[in-house]
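Reading the structure
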Amino acid sequence: MYTVTGGRTAPRTGLAMEALVSSATSAQLGMSYTREYRAISDLCRQVRSVAEISALLSIPLGVARVLVADMEVEGLVRVYQPQLNAGLPDRSLLERVLSGLRRL
């Protein structure tokens, strides 16, 4: 994964793990793109969170954040960042996460 991200461990722009990502194109990416870019583009035909992308592709979250941020810069995906109030996560989001954890 070090070579895939060019050694970077953090995205160039702030990217929350719960940010939603969708593919910016309906066509499949060609062989000129990396395997990871093609996989992310295919996955994001349905809106997915950065955390989901990481889990579904079995890649570390930090790597997924770097790749998605790079793809956004290239116009390959659209990223929808969560709205945070004064830097604090939304209470309803935290309650949904807690509820999901309790169900496990």
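Notes on the structure follow. (Residues numbered from 1 in each chain as written. Predicted model: local features only at pLDDT ≥ 70, side-chain atom pairs only at ≥ 80, totals over all residues. Heavy atoms only, no water.)

Now for the side chain of S22. As for its position among the elements, S22 is in strand β1 (residues 20-23). A residue is classified by how much of its surface remains accessible, and S22, at 10% relative accessible area, is buried. S22 has contacts with C44, V47, V77, R78 and Y80, leaving out every residue within four places of it along the chain. (Helix = DSSP H or I, 4+ residues; strand = E, 2+ residues; numbered from the N terminus. Buried < 20%, exposed > 50% of the residue type's maximum accessible area, 1.4 Å probe, protein only. Contact = heavy atoms within 4.5 Å.)

Let us look at the pairing of strand β3 (residues 77-80). Look at any regular strand and the pattern is simple: side chains alternate between the two faces of the sheet. Residues V77 and V79 of β3 are buried on one face, while the alternating residues R78 and Y80, pointing to the opposite face, are not. Bridge analysis of β1 against β3 gives four bridges, and the strand direction is antiparallel. When the bridges of β3 are listed, V21 appears paired with V79. (Pairing = 2+ DSSP bridges.)

A few words now on helix α3 (residues 61-73). Given a rise of 1.5 Å per residue, 13 residues ought to cover 18 Å, and the 18 Å separating the end C-alpha atoms of α3 matches this to within 8%. Those residues of α3 lying buried are V63, A64, V66, L67, V68, A69, D70 and M71. Buried-residue contacts for α3 involve β1, α1 (35-43), α2 (50-57) and β3. Taken from the residues just after α3, G75 is the one with a positive phi, measuring 80 degrees. (Expected span 1.5 Å × (residues − 1).)

Sheets are built from strands that pair by backbone hydrogen bonding, the pairs being arranged parallel or antiparallel. Taken together, the three strands give an open sheet; going across it, the order is β2-β1-β3, and neighbouring strands pair in antiparallel fashion. In this open sheet, the two edge strands, each paired with only one partner strand, are β2 (48-49) and β3. On top of the sheet, α3 reaches β1 and β3; it is set at about 115 degrees to β3, its chief contact. (Axes fitted to C-alpha atoms, helices over the stretch in contact; angles between N-to-C directions.)

Side chains of L20, V47 and Y80 sit close together on the surface and give an oily, nonpolar patch of about 270 Å² of accessible area. Classification of Y80 by relative accessible area gives partly exposed; the value is 41%. (Patch = residues over 30% accessible without salt bridge, like charges linked within 9 Å, V, L, I, M, F, W, Y side chains within 5 Å. Areas by Shrake-Rupley, 256 points an atom, 1.4 Å probe, with all protein chains shown as cover. Salt bridge = Lys/Arg side-chain N within 4 Å of Asp/Glu carboxyl O.)

It is worth spelling out the pattern of salt bridges at this point. Applying the stated criterion across every chain, the model contains three salt bridges. Residues D42 and R45 are paired through a salt bridge, measuring 3.4 Å at the closest nitrogen-oxygen approach. Overall, the relative accessible area of 37% leaves D42 in the partly exposed class. Given a relative accessible area of 37%, R45 falls into the partly exposed group. Here R91 makes a salt bridge to E95, at a shortest N to O gap of 3.0 Å. Of the two residues, R91 and E95 are both situated in helix α4 (residues 91-103); the distance of four residues between them amounts to about one turn of the helix. For R91, a relative accessible area of 63% translates into the label exposed. With a relative accessible area of 44%, E95 lands in the partly exposed category.

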